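This is what each chain is made of:
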Amino acid sequence: MIPVAVLERVVALRKALHHHNHRYYVQDDPEITDAEYDRLFAELLALERDFPELRVPDSPTQRVGAPIAEGFGPVVHGQSMLSLSNVFSAPELADFDKRVRDRLGCEKVTYVAEPKLDGLAISLRYERGLLVQAATRGDGTVGEDVTANVRTIRACPLRLTAAVVPEFIEVRGEVYLPKAGFLVLNQRQAEAGARPFANPRNAAAGSLRQLDPRITATRPLSLFCYGIGVLRGGATPESQDALLKFLTSLGLPVNSDRGVVQGYEGCLAYYEDMKTRRALLPYEIDGVVYKVNSLSQQRMLGELSRSPRWAVAHKFPAEEAVTRVKGIEVQVGRTGALTPVALLEPVSVGGVSVSHATLHNPDELARRDVRIGDWVAVRRAGDVIPEIASVVKERRPAGSEPFVFPDRCPVCGSPVVREEGVIARCAGGLVCQAQRRQTVRHFASRRALDIEGLGEKLIEQLVDSARVKTVADLYSLSPSELAQCERMGERSSANVYAAIQRSRATTLPRFLYGLGIPQVGEATALALAQSFGDLEAIMSADEARLIEVPDVGPVVARAIHAFFTEPHNRAVIKALRTAGVHWPVRVGTTQGPLSGKTIVLTGTFTDMSRDQVKALLMARGAKVVASVSSRTDWVIAGRDPGSKVQKAHELGVPVIDEDGLKAWLDDRSPKTDSR
Ligand code: IVH
């Protein structure tokens, strides 16, 4: 029995949270502080935890769901999602307006003018007020089901708020990333050593197409609604203006920077106004949209195959300016990726001074053939890294040479390795100054040398103060040096010190994985260790020998070979060995936390091949066999498992799924840890 007081409180909390969410994300006008909101949220979360039967899908706590295993399913739109035709100039706009007037046989037309957001079109289905499905535009007829991800967008109501809601409505709108959110996201990408998104549109699209809604939930996406598809059980408004007000009344976010304008002149005035306001808007736009206001006139005009006759997008001219390339610099990112950057004579592009432009990668640079001394058109797509739109080949100075991409890292001098795809990477992972923090973090991570307590902040201080230049320096740190770091008490520094000492005894696969060799993950490290048996053999193997290892193809072999032939890396490995890093247990022996256990695998696994799972289990001492019997200790079942699961149930053998397996492999407890 749930006490009435609890029930009432849950209802009141949900109502309050919906209200404040709406004030904050839709109306942009919060009434309470973030801390107060968090308190209410935490209270509801606690009540729903204590009384799980009270959880409902539209609770404010239920925005982030489980990963989507099978990819995005298809969604057939109730009414197709059209695109817009474009005009780029005032005369083209005049032509559009004339066509509309001629067809309607009237003097002047009333339009609604709206900002054209640069995001992703979305269709939201609400049934009796409840959000039941969200789909991308796709080809206009069939889109992809991205419900789980759209639910994480706080501006998107999980339930419509009006007293009377339509029985069924398809709401159309744009998912976008506000400029501020884009900057935050790219900052985070940079901190994680990941590539920044080129523009808010790409970032929004990438975020919405994540299979794991937990990732989407961390992306500050937002939403504006601007139209409808099918509507049942409610009166259709008579104009676009009334429609937008209707959507607002349902609790949906609608852009207030719109206007009702008269005729061509009104459209043009709106366009000019938005063009000047563009830089100050909190979201990116690439133009404006004019829609015939009267819906009955819209119906009279009808549509062409892909776009309506009653609307048009008036695009802003691309923000471009021509300038000269002073030089080309190759920058090294935190993961060792090399990015060529053009250094430019500063030029104003859309009011912002631009002095450098990304050339993305060596292939792109070669394809464009950008040379020092060239005149180039520079483009800025919003508040993002500017790029080179084109090279003015006619103005190329005589005697210029194509840029030769360096084969040595400009930071540490190690060789540059070309990976599959377009990335060029510095092979000096263990020594390159640009990569130090990341290298140490990886080396200390749980699945590598597992140095507990050596966290990000501590690593940052040790690396930035140059106390730790390579991972080998960790082993000469004293407790007092650790204690000098910020937020390190005597006790925590003693603990970290002890963890560093303990990490000296490791396993060869952990050690190999911890070196952070490009392309070498945990499973490949294991395969290398099993195939060669000792480190020296791996270090002196040529590419042909490396390819013989299961899991290792030509690209991986090249990366491994390059890593071990780099003298600096060899020196660090030697220093690690001298510092006492060793592996007391040989791989291939059955000693391990799963020694004596018999395991059967069935089905397919999402993140690993079956062979990789098998190898990881065997490294922990398990025996992996083909069929289930009463002697089987566990069955591990991936997707679409066969009859083995049935058999296991019959024999009372415990069955573990992929999540369970991962938790197991991650587990620090001695029962399943491979140390
Ligand atoms: S109306 C039938 N209104 O632009 C009308 N679209 O180039 C279809 N867009 O697919 C769209 N802001 O993703 C409309 N205020 C706005 C818009 C807008 C952005 C996008 C939308 C559409 C694309 C067409």
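Report on the accompanying structure. (Residues numbered from 1 in each chain as written. Predicted model: local features only at pLDDT ≥ 70, side-chain atom pairs only at ≥ 80, totals over all residues. Heavy atoms only, no water.)

Some words on the site of the ligand
Not every one of the 14 residues close to the ligand is listed here, only the nearest: Glu114, Leu117, Glu174, Tyr226 and Lys291. Glu114 is positioned with one of its side-chain polar atoms (N or O) 2.8 Å from a nitrogen atom of the ligand. Within the side chain of Lys116, an N or O atom sits 3.3 Å from an oxygen atom of the ligand. When atom positions are compared with the pocket grids, the ligand is found to occupy the largest pocket. Within the residue set of the shell around the ligand, elements represented by two or more residues are β3 (110–117) and β10 (285–292). Tallying contributions element by element places β3 first for the shell around the ligand, with four residues. Taken together, the residues of the shell around the ligand break down into nine nonpolar, one polar and four charged. (Near = heavy atom within 4 Å. Polar contact = N/O pair within 3.5 Å; in protein donor to acceptor, adjacent residues only side chain to side chain. 1 Å grid on protein atoms, 1.4 Å probe; cavity = no way out; pocket = protein on both sides within 12 Å on 5 of 7 lines; lining within 4 Å. Sits in = over half its atoms within 2 Å of the grid points. Helix = DSSP H or I, 4+ residues; strand = E, 2+ residues; numbered from the N terminus. Nonpolar A, V, L, I, M, F, W, Y, C, P; charged D, E, K, R; others polar.)

Section: the sheet that holds strand β4 (residues 120–127)
Strand order in this open sheet of four strands is β5-β4-β7-β8, and the pairing throughout is antiparallel. Two strands in the sheet have a free side with no partner beyond their single neighbour: β5 (130–136) and β8 (222–232). Going from strand to strand, the sheet's axes swing by 25° on average, the running direction of each strand aside. With eight bridges connecting them, strand β7 (residues 168–176) and β8 associate as antiparallel partners. Bridge assignment links Val171 to a residue of β8, and that residue is Ile228. With respect to the sheet, helix α6 (residues 200–208) is in contact with β4 and β7, its orientation differing from that of β4 by roughly 40°. Helix α8 (residues 240–249) rests against β7 and β8 of the sheet, and its axis sits at about 110° to β8. (Pairing = 2+ DSSP bridges. Axes fitted to C-alpha atoms, helices over the stretch in contact; angles between N-to-C directions. Contact = heavy atoms within 4.5 Å.)

Notes on the nonpolar core
In this structure, Phe564 and Leu576 are the most contacted members of the largest nonpolar core, which totals 54 residues. Aside from chain neighbours lying at most four places away, what touches Leu576 is Phe443, Val471, Ala472, Tyr475, Phe511, Leu515 and Val581. Membership of the second largest hydrophobic core comes to 38 residues, among which are Leu120, Ala155, Ile169 and Val171. (Core = buried A, V, L, I, M, F, W, Y, C linked by side-chain atoms within 4.5 Å. Buried < 20%, exposed > 50% of the residue type's maximum accessible area, 1.4 Å probe, protein only.)

What to know about the side chain of Ser307
Mapped onto the secondary structure, Ser307 falls in the loop between α10 (295–301) and β11 (311–315). Ser307 gets classed as buried once you look at its relative accessible area, which sits at 11%. Not counting the four nearest positions on each side in its chain, Ser307 is found in contact with Leu82, Ser83, Leu84 and Ser85.

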